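Fold and contact review
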Amino acid sequence: MPAERAAAFGPGRVNLIGEHTDYNAGLSLPFAIAAGVTVTATARPGGEVVARALDLGESDRFALADPAPAHGWRAFVRGTVAELAAAGLPVRAAALEIRGDVPQGAGLSSSAALGVALCLALTALAGVPDTDRLELARVASRVENAWVGARTGLLDQIASLLGRDGHALRIDFRTLAVTAVPLDLRGWRLVTVGSGEARAHAASGYNERRRECAQAAELLGVATLRDATVDAAADLPEPLGRRARHVSEENARVEATIAALRAGDLCAVGALLDASHASLRDLYDASTAAVERTVAALRAAGAAGARMVGGGFGGHVLALLPPGTAAPEGALEVCPGPGARLV
Ligand code: GLA
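Residues numbered from 1 in each chain as written. Predicted model: local features only at pLDDT ≥ 70, side-chain atom pairs only at ≥ 80, totals over all residues. Heavy atoms only, no water.

**Observations concerning the site of the ligand**
Neighbouring the ligand are R13, E19, H20, D22, Y23, T152, G153, L155, D156, Y206, G310 and G311. With respect to the ligand, the side chain of R13 contributes an N or O atom lying 3.2 Å from an oxygen atom. Here an oxygen atom of the ligand sits 2.6 Å away from a polar atom, N or O, in the side chain of D22. Burial of the ligand by the protein amounts to 94% of the accessible area it has alone, namely 300 Å². (Near = heavy atom within 4 Å. Polar contact = N/O pair within 3.5 Å; in protein donor to acceptor, adjacent residues only side chain to side chain. Areas by Shrake-Rupley, 256 points an atom, 1.4 Å probe, with all protein chains shown as cover.)

**Some thoughts on the packing of helix α2 (residues 110–125) against helix α3 (residues 133–148)**
The geometry of α2 relative to α3 is characterised by a closest axis approach of 9 Å and an angle of 125° between their N-to-C directions. By the angle class used here, α2 and α3 are oblique. In the packing of α2 onto α3, the handedness of the crossing is right-handed. Where α2 abuts α3, its residues S111, A112, G115, C119, L120 and T123 lie against R133, L136, V139, A140 and E144. (Axes fitted to C-alpha atoms, helices over the stretch in contact; angles between N-to-C directions. Helix = DSSP H or I, 4+ residues; strand = E, 2+ residues; numbered from the N terminus. Parallel < 35°, antiparallel > 145°, perpendicular 65-115°, else oblique. Left-handed = near helix turned anticlockwise from the far one by under 90°. Contact = heavy atoms within 4.5 Å.)

**Focus on α2**
Over its 16 residues, α2 extends 22 Å from the first C-alpha to the last, a length consistent with the 22 Å expected when each residue adds 1.5 Å. Burial analysis of α2 places 15 of its 16 residues in the buried class, the great majority of the element. G127 sits one or two residues past α2 and shows a positive phi near 90°. (Expected span 1.5 Å × (residues − 1). Buried < 20%, exposed > 50% of the residue type's maximum accessible area, 1.4 Å probe, protein only.)

**Some thoughts on the pairing of strand β9 (residues 189–194)**
Pairing between β9 and strand β11 (residues 316–321): 6 bridges, direction antiparallel. Looking at β11, one finds that T192 is bridged to L318. As paired strands, β9 and strand β12 (residues 332–333) are joined by 2 bridges and run antiparallel to one another. If you follow T192 over to β12, its bridge partner there is L332. (Pairing = 2+ DSSP bridges.)

Purely spatial values, then, with no claim about function.
If you want it as structure tokens, here you go:
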């Protein structure tokens, strides 16, 4: 039954480990966080969608049947309406109000939080509140790819839609199988710290890595780098060999992190975060001087492990702090919370 009003909350996410693996059919271990975006949708007569971004004091208005391309937050709204319809899901004329508290550009995926909240609110308003969450993740991802222009994978949307309180999610991007893994930090804390550097070349660097991975897989004769071995990668020309080795070893680090969490061995988790960072820096060439300074400062402050998060090329650093270690100034503590929901 269509509703007169529906409100949905989409959380941001932190990826504990498993970076640049999603578009290689690999493994990741993200969790949803408390901060997120809320979208309130109210049915309205006629054939238009009107939207207001309350935090920005901006608005938008477009035809439900034919949203034209736009930039910024408007691209998410218009793209979600268009991609829901393209997926055969019902969409209604609506007034949308958007507000959020995910720090932007912090590597906490404010964009996935927005996309997911839009999908949930619009489908609930149209009377299909139980739409399959993986289908919604694909819709939200297509919005980022086709409307926002970011060729990202499914990591952020699945983490936001399927997050579970107190858990991280082991996502296998080959099958899209999602398994909740208890994230019991036993008094340790996870914090993110900004490097002070905007992710200026993030989009171009990210897209270049995607191309390199596709090329490496083709040379190895495998469908994706999930099937590449470290031995086979060694025969590839550089930098393709290093890219393939990162993906292969990062997948193994996801499994090792899950084993360490199950054993309650937080020191081992810290060492795996460090190894992931070294690989992203040395094999994937996705670090910057500012990120390296931030990682070094966190280690000096007593972190058991620290690594760049998300796409890299600037942005934020995630650190694991043992009990009693003071969080550096400006650090934001992140805890695993529930996934997207109607509110
Ligand atoms: C960004 C993308 C994700 C993923 C990460 C790297 O956050 O949105 O799809 O590829 O980079 O792990």
